[in-house]
Amino acid sequence: MLLFNIFSLLFILYNQAYWISSLLPQKYISSLTCNLTYTTLLSTFKQLNPDENILQKLEKIPEDVDFIIVGAGSAGCVLANRLSENKSWNVILIEEGGEEPLIASIPASLPALEKISRHYQTISDGNFCLANNGCNYISGKVMGGTSSINGMLYVRGNKEDFDNWAKMGNPGWRYEEVLPYFIKSEDNRDKDIVRENPGYHGIGGYQSLERLSYKDPIANNLLKALREIGYNDTDLNGANQIGSMHAQAIAKDGSRASANVAFIRPIREKRSNLLIRTNARVIKIIIDTETKRAIGVEFISTKTGATKVVMARKEVIVSAGTIESAKLLMISGIGPRDELQKHNINVVQNSPVGQNLQDHVTFMGIRYKLQEGEFLYNPDCAIRQLHLNEYLKFKNGPFSSVGIPHATAFLQSHLVPNSSAPDIQFIFLPNTTSTDSCMYYNSFYQKIILLSPKSRGYVKLNESDPFWGNPVINFKYFSDSSDLERIIKGNQIGLKLINTTAVGESIFKFDTTPLTNCEQYEFNTENYWRCSAVNYTTSLYHSSGTCKMGPRNDSEAVVDARLRVYGIKSLRVADASIMPFVTRANLHATIMMIAEKAGAMIKEDWT
């Protein structure tokens, strides 16, 4: 009990990012490093996590509140923080997942976070997702949402993205108008980036940003190689997005700073007007069909099965993510008439919910392997224990990094007319069988990412179980053939790395083993790479667009420029689903901006 109380106190002080350090008993270190499966990690850290009831407010859930926020991800955490700043408003934040475990804050623990993820299987409809068998798609189901399980990159997108949102009939969303909301969130801890890019960064916001202190040696080689082929250092969040960078991370002092860590933990025990309910799945938005006003939600405890209704005096805000926000609207009667009637759902509002689905389609055909006998680190127990000790004591070493993915570049395929923005991104992903860390590997992929896809897919309700089953997800990759052409062009540029001095002098080399299903083509020919793109295309987990923001005359628009759902009063959507088209970036930064702007608009509307 004493050990539990000590670590409960450390957890409550966790927003300062000084946790477990050298006080962690040696027997726990041994367990962590010698058998780092997720199950072992979770059972080991169970004693280090407080029971959820310590963090949950113990008073009875009120019958009504001012604002109900559905989903505690990148958007929901920001909104809960900003709306509860008004002490006269009562806010409830409802999250289907549980508390964010301590292990999530170790950057290198990325492969161990599967159990706090929601898993979907997409369909392919004949459109190139791992040889037409569909893709695995994941998102976070935990406090912090996907920001608690992602690769931690902080990239905002390009000026052209937001200017085009505004040109599509969404006033207030030009780059100059949204930039202040990006800056508002930031506590940028890299002084050189702030100094060299005036007007683009903030200090003192809730979201800590920093370049992770440990630099994977192969990542350093890759950045040198990128510079050799013309992609020089740049601030991807500054004036010029084309180039390469050791990307900034959502981190503080070597630990992950998810939206939960950044926006909720500092205020959670300080604001009595903010109630947080975890392990609670919202199963319906309650709508007054006469006034067509959202008046509350019904949710069910995933622990006990008990249901509860909470009413909203002012608004219901849906921030459940691109897939779940669309599903929740549809099962609540807001969606395409034919789709709802097919499932015997009463149509409250005929709306194009679930259309306009987009993702950063990703090709992972270029592979590198370390030279024979080489391994980046010897992944035996003794080495892991040294690395973990270094992290626990100093927040440094391999465990303080996600490794090579933070070596990234943004470039142009030159196949998009009248655009100065990048449309291709390179990242590198370790090929590891380790279940505990992304730092132990002997081969890796160069991923070619299409940043501005033209293909559009859809989300529909599960055919046999629309309420409880996972929805039908079809990204329809390459349904617009120009997307495939740009992927192939990006791959051609990526192959230039092979002949750089930096790669030639490194411990890794280009893997010339033909990919399965493409052996019939001569290796490294255009036909070979086209075959590979069909067979080795996957998701980057950057879905967006299913509750599209647009003017009323846009046949695909679900919400207006103030994120209000058309045809339903007192209901907004604020997450990646409102993007008219996906930004040229990892999505966490943009989702936080959307939530910051939504919070400001809600305050304007109600004060």
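(A) Structural detail: the packing of helix H5 (residues 74-83) against helix H17 (residues 588-606). Across the interface, H5 lies against H17 with an axial gap of 8 Å and an inter-helix angle of 30°. Classified by the angle between their axes, H5 and H17 sit roughly parallel to one another. At the point where H5 passes H17, the crossing takes the right-handed sense. Touching Ser74, Ala75, Val78, Leu79, Arg82 and Leu83 of H5 are His588, Ile591, Met592, Ala595, Glu596, Ala598, Gly599, Ile602 and Lys603, all from H17. The residue inventory of the contact of H5 with H17, partitioned by class, reads nine nonpolar, three polar and three charged.

(B) Quick look at the packing of aromatic side chains. Inspection of every chain in the model, using the stated rule, returns 22 aromatic pairs. Between the aromatic rings of phenylalanine 162 and tryptophan 165, the centroid separation amounts to 5.2 Å while the plane-to-plane angle is 75°, which identifies the pairing as edge-to-face. Of this pair, phenylalanine 162 and tryptophan 165 are both found in helix H6 (residues 159-167), three residues apart, which corresponds to roughly one turn of the helix. Like phenylalanine 162, the residue tryptophan 165 is buried in the burial classification. Linked through ring pairs, Phe363, Tyr368, Phe428, Tyr441, Phe444, Phe508, Phe510, Phe523, Tyr528 and Trp529 together constitute an aromatic cluster. The lysine or arginine in question, lysine 460, covers the ring of tyrosine 458, its NZ or CZ lying 4.8 Å from the ring centre. Lying over the aromatic face of tryptophan 173, lysine 597 brings its terminal NZ or CZ to 5.1 Å of the ring centre.

(C) Quick look at the pairing of strand S16 (residues 362-370). For S16, a buried count of eight out of nine residues is recorded, marking the element as mostly surrounded by other parts of the structure. The pairing of S16 with strand S23 (residues 537-538) spans two bridges and is classified as antiparallel. From the neighbouring strand, threonine 362 faces S23, where its bridge partner is threonine 538. In terms of strand pairing, S16 meets strand S22 (residues 508-510) through three bridges, oriented antiparallel. Looking across to S22, one finds that tyrosine 368 is bridged to phenylalanine 510.

(D) Summary view of the environment of alanine 595. The topology assignment puts alanine 595 in helix H17. In this structure, alanine 595 is in contact with Ala75, Val78 and Leu79, ignoring residues within four places of it in sequence.

(E) Structural detail: H6. Turning to H6, its buried residues number three or more, namely Glu160, Asp161, Phe162, Asp163, Trp165 and Ala166. The inward-facing, buried residues of H6 abut helix H7 (175-185) and H17. Sitting at the head of H6, asparagine 158 places a side-chain oxygen 2.8 Å from the backbone nitrogen of glutamate 160. Backbone geometry just downstream of H6 places glycine 169 in the positive-phi region, at approximately 105°.

(F) Just the pairing of strand S12 (residues 293-301), in detail. Counting buried positions along S12 yields seven of nine residues, so the element is predominantly enclosed. Judged from the eight bridges that link them, strand S11 (residues 280-288) and S12 form a sheet pairing that is antiparallel. Within the sheet, the bridge partner assigned to alanine 280 lies in S12 and is serine 301. The loop that links S11 with its antiparallel partner S12 comprises four residues; one of these, lysine 292, has a positive phi angle of about 55°. Bridge count for S12 against strand S13 (residues 307-318) is five bridges, and the pairing is antiparallel.

(G) Highlighting the state of the cysteines. Counting across every chain of the model gives one disulfide. A sulfur-sulfur distance of 2.1 Å marks the disulfide that ties cysteine 518 to cysteine 531. Torsion about the S-S bond of the cysteine 518 and cysteine 531 cystine: about -90°, corresponding to left-handed handedness. Linking cysteine 518 in the loop between S22 and helix H16 (526-535) with cysteine 531 in helix H16, this pair joins segments that are 13 residues apart in sequence. Here cysteine 518 matches cysteine 531 in class, with each residue buried.

How each quantity is defined
Residues numbered from 1 in each chain as written. Predicted model: local features only at pLDDT ≥ 70, side-chain atom pairs only at ≥ 80, totals over all residues. Heavy atoms only, no water. Axes fitted to C-alpha atoms, helices over the stretch in contact; angles between N-to-C directions. Helix = DSSP H or I, 4+ residues; strand = E, 2+ residues; numbered from the N terminus. Parallel < 35°, antiparallel > 145°, perpendicular 65-115°, else oblique. Left-handed = near helix turned anticlockwise from the far one by under 90°. Contact = heavy atoms within 4.5 Å. Nonpolar A, V, L, I, M, F, W, Y, C, P; charged D, E, K, R; others polar. Phe/Tyr/Trp six-rings, centres within 6.5 Å; stacked < 30°, edge-to-face > 60°. Buried < 20%, exposed > 50% of the residue type's maximum accessible area, 1.4 Å probe, protein only. Lys NZ or Arg CZ within 6 Å of the ring centre and 35° of its normal. Pairing = 2+ DSSP bridges. Polar contact = N/O pair within 3.5 Å; in protein donor to acceptor, adjacent residues only side chain to side chain. Disulfide = S-S within 2.5 Å.

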